[in-house]
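Close look at the chain arrangement
Residue-level listing of the chains:
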Amino acid sequence: MDSILVKGNGALNGVIPIAGAKNACLTLMPATLLSEEPLTLTNAPRLSDIRTMTQLLQSLGAEVASLQDGLVLAMSSHTISNHTADYDIVRKMRASILVLGPMLARDGHAVVSLPGGCAIGARPVDLHLKAFEAMGAELDLRDGYVHAKAPGGRLKGAVVEFPFVSVGATENALMAATLAKGTTVIKNAAREPEIVDLARCLQKMGAQIEGEGTSTITIQGVDRLHGATHPVVTDRIELGTYMLVPAICGGEVELLGGRIDLVGAFAEKLDESGISVTETARGLKVSRRNGRVKAVNVTTEPFPGFPTDLQAQMMALLCTADGVSVLEEKIFENRFMHAPELIRMGAKIDVHGGTAKVTGVSKLKGAPVMATDLRASVSLILAGLAAEGETLVNRVYHLDRGYERVEEKLSACGAKIERIKGN
Ligand code: EPU
């Protein structure tokens, strides 16, 4: 397994291009299963999770061509030749569950392995399944798989009310509803930019959707969807991660393609802690105001709140802030695994359940650390950039799931970072 070696090198300055969103692309790709006609995505990120989704779609009979060095994904699923999403692929990536809604909606049946738990929490898929049941599907859980059937071969429009917000369940229900008979109303829907992006793409394919980006989405089912071309929205989590580079190290970095509406709550916290964020013609420019970063309290929430996917990176910043910060993780039950690793670098952090108290220290010190999940791994890289000495981040395969060319993007700003190839 590869590792990443980071050496603290003072202030960083430069320009970083932000890629298309992993989590948008992972729901846009299964949308190809809804139509016989081609779906082309542009601005796709070049990531291992995208390659895993490619394999999954190919295993179902879709054609997926990666063009222009992976920036364009040309997909076509004239017929779905296999309706079973196998455990071997699903276990690698939980987003695989997103093929269930499209297959069930188009052909009236699908079999998908249940994803197991994962490092950051149990992450059940009960809300996805309840939405399909509300739409008339008959579900049978056998041998670790969900066997789903729509009586008469077609789902029925329904009121789907989620007890709490789920990004994935909203995406699955939204895709399924586009081909259901009648009207579906999704209540307490997720409002993430990735949901809006999915809705925009489905609308281009002929879907009748209203209310995307609000808590109530109304979908009028149609008989068939057609082909489309759609650019993947900017990755707000990659954007937020790189906004933290000048915040942690000092200097000034411009994030190409960055949009303030994608990171509103996060940018407000940066402002509170003494980081300035300004809009430019090409994106966002971020720099640290004079002096040490101030401690701030953070609570993760569904969009438009502070994203759980930036909590680990924000913690890396607050480790060297002036004062005590309290971080509350409200989305996942086990998302503080970066804390013990940051403590190995000299951070002062007390974790109690879903709350972490971070007492800022003046400087972190480099150390060998272990990446436990995607966002944890990048938080350790950020911490390493600001630390004295060398930090070796082990198990970086998590990083490659969600950040493309991270060494290249950071080196361009003056960072000392290199990948050490594993066996
Ligand atoms: N939940 C349930 N039942 C369900 C679905 C969700 O109990 O049927 C719970 C989850 O266990 C969690 C909460 O509801 O506690 C919210 O989960 P959600 O369904 O919103 O998350 P997701 O769709 O599985 C996506 C992103 C995650 C991101 C979350 C929250 C993708 C592929 N993944 O996951 O991204 O953290 O939304 O914003 O879109 C990452 O990129 O690092 C990542 C983990």
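Going along each chain's sequence as written, the residues are numbered from 1 onward. Under the rules for a predicted model, residues below a pLDDT of 70 receive no local features and side-chain atom pairs below 80 are neither given nor counted, while totals for whole chains, interfaces and linings still include all residues. Side-chain measures were taken over the full set of non-hydrogen atoms in the model, leaving aside hydrogen atoms and water.

As annotated in an unreviewed UniProt entry, the protein carries the name UDP-N-acetylglucosamine 1-carboxyvinyltransferase and comes from Paragemmobacter straminiformis. What UniProt records for the protein under Sequence similarities (unreviewed entry) is the sentence "Belongs to the EPSP synthase family. MurA subfamily." UniProt's Pathway (unreviewed entry) comment on the protein is quoted here verbatim: "Cell wall biogenesis; peptidoglycan biosynthesis." UniProt positions are given in the numbering used here, feature names are shortened, and annotations may be inferred rather than shown by experiment.

As a further point, take the sheet that holds strand E19 (residues 324–328). When DSSP locates at least two bridges between a pair of strands, those strands are taken to pair. Here a helix means four or more residues in a row that DSSP labels H or I, a strand means two or more in a row labelled E, and each is numbered from the N terminus. Strand order in this open sheet of four strands is E18-E19-E21-E20, and the pairing throughout is mixed. Taken across any chain shown, the strands that pair with only one partner, and hence form the sheet edges, are strand E18 (298–299) and strand E20 (348–352). Direction of pairing for E19 relative to strand E21 (residues 355–359): antiparallel, over a ladder of five bridges. Bridge pairing links Ser325 to Val358 in E21. Contacts: residue pairs with any heavy atoms within 4.5 Å of one another. Here an angle of 0 to 180 degrees is reported between the N-to-C directions of two axes, which are lines fitted to C-alpha atoms, with helices fitted over the stretch in contact. Sheet contacts for helix H10 (residues 311–318): E18, E19, E20 and E21; angle to E19, the most-contacted strand, approximately 170 degrees.

A few words on the pairing of strand E14 (residues 228–231). Throughout this description, buried means an accessible area under 20% of the type-specific maximum (1.4 Å probe, protein chains only), exposed means over 50%, and partly exposed covers the range between. Residues Ala228 and His230 point to one face of E14 and are all buried, whereas Thr229 and Pro231, pointing to the other face, are not buried. Two strands pair when backbone bridges link them, and strand E3 (residues 39–42) and E14 are joined in this way by four bridges, in the parallel orientation. Of the residues in E14, the one forming a bridge with Thr40 is Thr229.

Glancing now at the UniProt feature "binding site: UDP-N-acetyl-alpha-D-glucosamine" (unreviewed entry) in the protein. As annotated in UniProt, the feature "binding site: UDP-N-acetyl-alpha-D-glucosamine" (unreviewed entry) corresponds to Arg94, Arg123, Pro124, Val125, Asp126, Leu127, Asp309 and Ile331 in the numbering used here. Note that Val125 resides in the loop between strand E7 (109–113) and helix H5 (126–134). On the accessibility criterion, Val125 (9% relative accessible area) is buried. Setting aside residues no more than four positions away along its own chain, Val125 makes contact with Arg94, Ile97, Leu114 and Pro115. Topologically, Leu127 is positioned in helix H5. Of the residues examined, Leu127 reaches a relative accessible area of 5% and is grouped as buried. Leu127 has contacts with Phe162, Pro163, Phe164, Ser166 and Ala169, leaving out every residue within four places of it along the chain.

Right, let's get into the pattern of salt bridges. Throughout this description, the term salt bridge denotes a Lys or Arg side-chain nitrogen within 4 Å of a carboxyl oxygen of Asp or Glu. Scanning the entire structure with this criterion turns up 26 salt bridges. Arg419 is paired through a salt bridge with Asp2; the nearest N and O atoms lie 3.0 Å apart. Of this pair, Arg419 sits in strand E24 (residues 416–420) while Asp2 sits in the segment before strand E1 (3–7); the two residues are 417 residues apart in sequence, bridging distant segments of the chain. Of the residues examined, Asp2 reaches a relative accessible area of 17% and is grouped as buried. Two residues, Asp400 and Arg419, come together in a salt bridge whose shortest N-O distance is 2.8 Å.

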